[in-house]
Amino acid sequence: MNKNWQPQTRAIRGQMEKTQYGEHSTPLFLTSSFTFDSAEEMAATFAGERDGLIYSRYSNPSVDELVAKACALEGTEAGFATASGMAAVFASLAALVKQGDHIVATRALFGSTHQLLTNILPKWGVTFTYVEPDQPETWAAAVQENTVLFCTETPSNPGLKLVDLEAAGKLCRAHNLLFVVDNCFATPVLQRPAEFGADLITHSVTKWMDGQGRVLGGLLLGTQEVMDRVITFCRHTGPAMSPFNAWTISKSLETLHLRMDAHCRSALVMAQWLGTQDGVASVHYPFLESHPQHALARRQMSAGGGIVTFELKGGIAAAQRLLNSAELCTRSSNLGDTRTILTHPATTTHSKLTLQERAMVGISDGLVRMSVGLEAVVDIQADLVGSLQ
Ligand SMILES: *Cc1c(COP(=O)(O)O)cnc(C)c1O
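What counts as what
Residues numbered from 1 in each chain as written. Predicted model: local features only at pLDDT ≥ 70, side-chain atom pairs only at ≥ 80, totals over all residues. Heavy atoms only, no water. Pairing = 2+ DSSP bridges. Helix = DSSP H or I, 4+ residues; strand = E, 2+ residues; numbered from the N terminus. Axes fitted to C-alpha atoms, helices over the stretch in contact; angles between N-to-C directions. 1 Å grid on protein atoms, 1.4 Å probe; cavity = no way out; pocket = protein on both sides within 12 Å on 5 of 7 lines; lining within 4 Å. Points joined across faces, edges and corners; volume = space filled by probe spheres on them. Nonpolar A, V, L, I, M, F, W, Y, C, P; charged D, E, K, R; others polar. Domains from an automatic or database assignment. Near = heavy atom within 4 Å. Polar contact = N/O pair within 3.5 Å; in protein donor to acceptor, adjacent residues only side chain to side chain. Areas by Shrake-Rupley, 256 points an atom, 1.4 Å probe, with all protein chains shown as cover. Salt bridge = Lys/Arg side-chain N within 4 Å of Asp/Glu carboxyl O. Disulfide = S-S within 2.5 Å. Core = buried A, V, L, I, M, F, W, Y, C linked by side-chain atoms within 4.5 Å. Buried < 20%, exposed > 50% of the residue type's maximum accessible area, 1.4 Å probe, protein only. Contact = heavy atoms within 4.5 Å.

A. The sheet that holds strand β1 (residues 78–82), seen in detail. If you walk across this open sheet you meet the seven strands as β1-β7-β6-β5-β4-β2-β3, and the pairing is mixed. Both edges of this open sheet fall to β1 and β3 (127–131), since each of them pairs with a single strand only. The mean inter-strand angle of the sheet, taken between neighbouring strand axes irrespective of direction, is 20 degrees. In this sheet, strand β7 (residues 218–222) lies alongside strand β6 (residues 200–204) in antiparallel orientation, the contact comprising five bridges.

See below:
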């Protein structure tokens, strides 16, 4: 791949080499293993003395193409693709911590990441402390002698609080912590944590990167040094992505820049419009001037993303009325699709949190999360307007 090309060109032209058929679009390599011409060649491949494919739990041409494109987009040295976003998040932590270690994490993480920290890693003697995402001046106080890793997510789901990536990078360098970022909400089109010193970036490619609601997938992208540890962990624990999913997502990346531009443009229009509706108490969107971290959003993101959240004055009843009346928008817990999706976090994705925990991450009863799709904005507005008066 030509390293001088812009990221969007590399997402399109960063294909694997053509086979003998000269195909234009990359074929799908649906094979679990690979063969060798001789016993000696096989032995040399296993010994790492020659490059060669062995088994699709390790690597596969369809998966390797996706990883190479994703590294080009994020500006990272190495990567590994996993079966889901959570497989990537789990591997990012499990590969890098050991018994007795401590993690500092920003509060308001993805629900299953919160479960990992609170219920799963403690079984192996790994502890954590939450810090407030929007108060970087308080983070250093949470660092202990045994802290090895700082893990964060920005913008957060569904509160859309931002984490100052430059401040996080400085903290990690000062305290010699591994810096791990879940970049799912922003995608590398809007924000590249590696530029702020992130050692490891995780993605749920299920969301914007596939962007069409078809397949699950995850990515681990980082420095060669950290990825060597993560790849060894993944090869032996088996979270590998299916070649079919990788092939699908590799094609999705060809349109990622175009799609994100359009999602962000529509999301900003929707955020501004929602603010003018009588039934809406408040709107949260990083590129609205009313967002408390608007200046930070402009510094570290190139656009505000495709998620808008808003609070309805009528609480749960009003939120459920809005979701029930929608005919174009879909009721679903997913996000990052061509189709606009409405979610009511308090009764679904975040219903397991206590009332107090929900309040701490900004989830009120009337909060609605909208993943803005690629339909005409006027049609989305027409679908909602009757329930927003
Ligand atoms: C969805 C999501 C995940 C988990 O991804 P899956 O592909 O559903 O396993 C992790 N982090 C964030 C921020 C997400 O939105």
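B. Focus on empty space enclosed by the protein. Per the counting criterion, the structure on display carries three cavities of 30 Å³ or more. Taken as a whole, the largest cavity encloses approximately 60 Å³ of empty space. Residue lining of the largest cavity: V89, S92, L93, L109, T113, C151, T152, E153, V180, V181, D182 and T202, and that is the complete set. Elements supplying a minimum of two residues to the lining of the largest cavity: α4 (85–94), β4 (147–153) and β5 (178–182). In the lining of the largest cavity, the residues fall into six nonpolar, four polar and two charged. Forming the walls of the second largest cavity are P155, L160, F185, W208, M301, G304, G305, G306 and I307. Looking at the lining of the second largest cavity residue by residue, the classes come out as six nonpolar, three polar and no charged. Mapping the lining of the second largest cavity onto the domain boundaries places at least three of its residues in each of domain 1 (7–253) and domain 2 (256–387).

C. Molecular detail of unusual backbone geometry. Across the junction of T154 and P155, the peptide omega takes the value -5 degrees, indicating a cis bond. Examined against the element boundaries, P155 turns out to sit in the loop between β4 and α6 (165–175). You will see that L160, though not glycine, has its phi angle at about 55 degrees, which is positive. Structurally, L160 is set in the loop between β4 and α6. Phi at N176 is positive, roughly 55 degrees, even though this residue is not glycine.

D. Representation of the site of the ligand in the model. Around the ligand, the surrounding shell consists of S84, G85, M86, F110, E153, D182, C184, F185, S204, T206, K207 and G217. Here an oxygen atom of the ligand sits 2.8 Å away from a polar atom, N or O, in the main chain of G85. Note that an oxygen atom of the ligand is positioned 2.7 Å from one of the side-chain N or O atoms of K207. A total of 380 Å² of accessible area belongs to the ligand in isolation, and the protein chains cover 91% of it. In terms of residue class, the shell around the ligand is made up of four nonpolar, five polar and three charged.

E. Spotlight on the environment of E17. Summarising the element assignment, E17 is placed in the loop between α1 (7–13) and α2 (39–46). Expressed as a C-alpha distance, the spacing of E17 and M1, which sit 16 residues apart in the sequence, is 9.8 Å.

F. Focus on the pattern of salt bridges. If you walk through the whole model with that rule in mind, you get 11 salt bridges. Here R192 and E195 are joined by a salt bridge, their closest N and O atoms 3.0 Å apart. What you see here is one network of salt bridges that share partners, running through E65, K69 and E254.

G. Here's a closer look at the state of the cysteines. Using the criterion set out here, one finds zero disulfides in the structure. In this structure C172 is not part of a disulfide, and its nearest cysteine sulfur, from C151, lies 10 Å away. As a non-bridged cysteine, C234 has C71 as the owner of its nearest cysteine sulfur, 13 Å distant.

H. Spotlight on the layout of surface pockets. Considered as a void within the structure, the largest pocket measures approximately 420 Å³ in volume. Taken together, 26 residues make up the lining of the largest pocket; nearest its centre are D64, V67, A78, G79 and F80. Looking at the lining of the largest pocket, the elements with two or more residues in it are α3 (61–74), β1 and α8 (224–237). Take the lining of the largest pocket: its biggest share by element is six residues, from α3. A class-by-class count of the residues in the lining of the largest pocket yields 13 nonpolar, six polar and seven charged.

I. How the structure looks around the nonpolar core. Of all hydrophobic cores here, the largest spans 61 residues; its most connected members are F310, M370 and L384. Ranked by the residues each element gives to this core, the list is headed by helix α10 (residues 256–274), at eight residues. For this core, the domains that each give at least three residues are domain 1 (7–253) and domain 2 (256–387). Those residues within four positions of F310 in sequence are excluded, and the remaining contacts are L274, V280, S282, V283, L322, G366, L367, V368, M370 and L388. Ranked by size, the runner-up nonpolar core spans 28 residues in total, among them F80, L117, V226 and M227.

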